[in-house]
Amino acid sequence: MDITNHIVLIGKQGSGKTSLAKALGNVGFTRVISCTTRPRRSNEINGVDYSFLTDEAFNAIAGDLVAVRSYETIYGEWRYGIDLRDINADGPTVCILDPDGYLEIRNKIKDRFAIYLDLPRDIRINRVLARGDDPEEVARREEDDEIMFGYLDARYQELCDLRIARERSIEDDVARIQRYLRAFNDGSINYDGRPGE
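Throughout this description, residue numbers start from 1 for each chain and increase along the sequence as written. Selection of residues for local features in this predicted model requires a pLDDT of at least 70, selection of side-chain atom pairs for listing and counting requires 80 or more, and totals for whole chains, interfaces and linings are taken over all residues. Excluded from the side-chain calculations are hydrogens and water; all other atoms, namely the structure's heavy atoms, are used.

### A closer look at helix H6 (residues 135–148)
Thought 1: Where helices and strands are cited, they refer to DSSP runs of H or I of at least four residues and of E of at least two residues respectively, numbered from the N terminus. Expected span of a helix, by definition, is 1.5 Å for each gap between consecutive residues, and there is one gap fewer than residues. Under the 1.5 Å per step criterion, the end-to-end length of H6 is 20 Å for 14 residues, consistent within 8% with the ideal 20 Å.
Thought 2: Every buried residue belonging to H6 is among Glu137, Val138, Arg140, Arg141, Glu142, Asp145 and Met148, and all of these are buried.
Thought 3: Packed against the buried residues of H6 are strand E5 (66–73), strand E6 (76–82), helix H4 (99–105), helix H5 (121–130) and helix H7 (150–159).
Thought 4: Two or three places before glutamate 136, at the opening of H6, aspartate 134 has a side-chain oxygen 2.8 Å from that residue's backbone nitrogen. Under the scheme applied here, a residue whose accessible area is under 20% of the maximum for its type counts as buried, over 50% as exposed, and between as partly exposed, the area being computed with a 1.4 Å probe on protein chains only. We call two residues in contact whenever any of their non-hydrogen atoms come within 4.5 Å of each other. N or O atoms within 3.5 Å of each other form a polar contact, as long as, within protein, one can give a hydrogen and the other can take it, and as long as residues adjacent in sequence are counted only when both atoms are side-chain atoms.

Here you go:
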């Protein structure tokens, strides 16, 4: 059975979404790049990590974007969006969405495989502080994440196909995801018999 999977990564700040997306990119998945109006971090590359846009440029393409989100940060409003055509492109893809964006478009994603990265709070907070994020902004995002992820936390078995709830190496996570995708593709498991942690 030849199925093209479109992986969606969902997780709170510091859960490893970007690192896992990059690692999946190294094994044949095309990374879908979201657009954002937030400033680029010093270690980020435009067009690789995000498409960093001015407010005017974002407005110009907003009609082509789905899962558009706006966040009030300590620095002002930041917006994000993604093109559904890129997610559903020919060949395997991997993208990152927040829970609301995922719920908005999940039924429009062909052959989706949703992965909830649900790592413990202390691990996540240490990661974002280590990369130099502002502690006040980290606290604000953590409060927002608690609210935003409440629904997903309660219903992840119904909404997601795989939950990763403990820290492993990226290589182990990629190998595990590949095993589950093979099982989905050969019919060993399906959306009614999805694996847990």
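### Some words on the packing of aromatic side chains
Thought 1: Here a pair means two rings of Phe, Tyr or Trp (six-membered ring of Trp) with centres within 6.5 Å. Their orientation is stacked below 30 degrees between planes, edge-to-face above 60, and tilted elsewhere. Using the criterion set out here, one finds seven aromatic pairs in the structure.
Thought 2: With 5.0 Å between their ring centres and 90° between their planes, phenylalanine 113 and phenylalanine 184 make a pair best called edge-to-face. Here phenylalanine 113 is found in strand E8 (residues 112–117), whereas its partner phenylalanine 184 is found in helix H8 (residues 170–185), with 71 residues between them in sequence. By the burial criterion, phenylalanine 113 is buried, and phenylalanine 184 matches it.
Thought 3: One aromatic cluster in this structure is built from Tyr50, Phe52, Tyr71 and Tyr80.

### Thoughts on the pairing of E5
A regular strand places its side chains so that they alternate between the two faces of the sheet.
Thought 1: Of the pairings in the sheet, the one linking E5 to E6 comprises six bridges and is antiparallel in character. The residue bridging arginine 69 from the neighbouring strand is tyrosine 80, located in E6.
Thought 2: Should DSSP find at least two bridges between two strands, the strands are taken to pair. The turn joining E5 and E6, which pair antiparallel and follow one another in sequence, is formed by two residues.

### Examining the sheet that holds strand E3 (residues 35–36)
Thought 1: Ordered in space as E4-E3-E6-E5, the four strands form an open sheet in which the pairing is mixed. Bordering the open sheet on either side are strand E4 (51–52) and E5, each of which pairs with just one other strand.

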